[in-house]
Structures are given as C-alpha cells and as structure tokens.
Amino acid sequence: MRKSFLVIVVAIAAMLVAGCRNDNQGELAARTAKLYYDALLEGRYEQFVDGTYHKDSLRPQYRQQLIDNARMFVGQQQDEHRGIREVRVSDYKLDSITTDCNVFLVFAYGDSTSEEVLVPMTEKDGVWLMK
C-alpha cells in the first residue's frame, strides 16, 4: 500500500512539474513575442526579422525585403492609426505536445483604438521564434 501511495505521489509531482514548465514556456513565448514587436516599434527591423523562424538560411536579398516590409508595416500603422503606441500580451495558448505557442498581443494605437493579433511562435534550440 505504501509503495502504490509513493508511486501516486511521484506521478502527481511529475505532472505538477510538467505543468509549471509548460506555463513557464508559454509565458516565455509570450514575453519573447512582445519583445520582437517592441523592437519593431523602436525601428530595430533587423532584430524583428531575425526573430522569425526560417527552416533554411535567408538569402540576403530576401532578408532585406522582409526588413523593408517591416518598415512599411510600421509606416502604414502610422498613417492609418497614428502609430502603435503600445504592445501588450493578452493571452497565450501553449501546445503541450509540440513546441508551438499561440500568443495573443494587443496593439494600442495612437488613435485610441486597439486590436488583438495572433502571433504563432515555435521553439527551436531553446529559442522562441515567430512563425
């Protein structure tokens, strides 16, 4: 009886540890997504692009196009909404089987409107990257 009780206690402890790890990983993915978007708003377009997941290395011309697109996106938000004033984490949903996490960010615009956006994240070699 004591042996089965010990097995149950160990199993519950393992589930709690795994659950804490998952919560921490989801929170880490959410914070990382916010950091990438903060970099974007601060004009660090290269850092934003480097935060994206690429199965293969990017050719320099394609990387530059992505950097230019990021710059244009910020300009477009400035024209349409007087810019993005703030980025906040709204929620995240960590997939317990894969190394993916859906992060929900809220963009607070300069014109007093806001929008929630989904940022799919994936973990590669211990680093969270945007898909």
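Caption draft 1: Quick look at the confidence of the model for the chain. The predicted model of the chain has a mean per-residue pLDDT of 86, with 82% of residues at 70 or higher. Counting interchain partners and residues more than four positions distant, the pLDDT-below-50 stretch residues 1-21 has zero contacts.

Caption draft 2: Representation of the packing of aromatic side chains within the structure. One pass over the full model with this rule turns up three aromatic pairs. Ring centres of Tyr 37 and Phe 107 lie 5.5 Å apart, and the angle between their planes is 50°; on these two criteria the pair is classed as tilted. Of the two residues, Tyr 37 is situated in helix α1 (residues 2-41) and Phe 107 in strand β2 (residues 100-109); the sequence distance between them amounts to 70 residues. Summarising the aromatic geometry, the rings of Phe 107 and Tyr 109 are spaced 6.4 Å apart at their centres and angled 90° between planes, so their arrangement reads as edge-to-face.

Parameters and conventions
- Residues numbered from 1 in each chain as written.
- Predicted model: local features only at pLDDT ≥ 70, side-chain atom pairs only at ≥ 80, totals over all residues.
- Heavy atoms only, no water.
- pLDDT = per-residue confidence, 0-100.
- Contact = heavy atoms within 4.5 Å.
- Phe/Tyr/Trp six-rings, centres within 6.5 Å; stacked < 30°, edge-to-face > 60°.
- Helix = DSSP H or I, 4+ residues; strand = E, 2+ residues; numbered from the N terminus.

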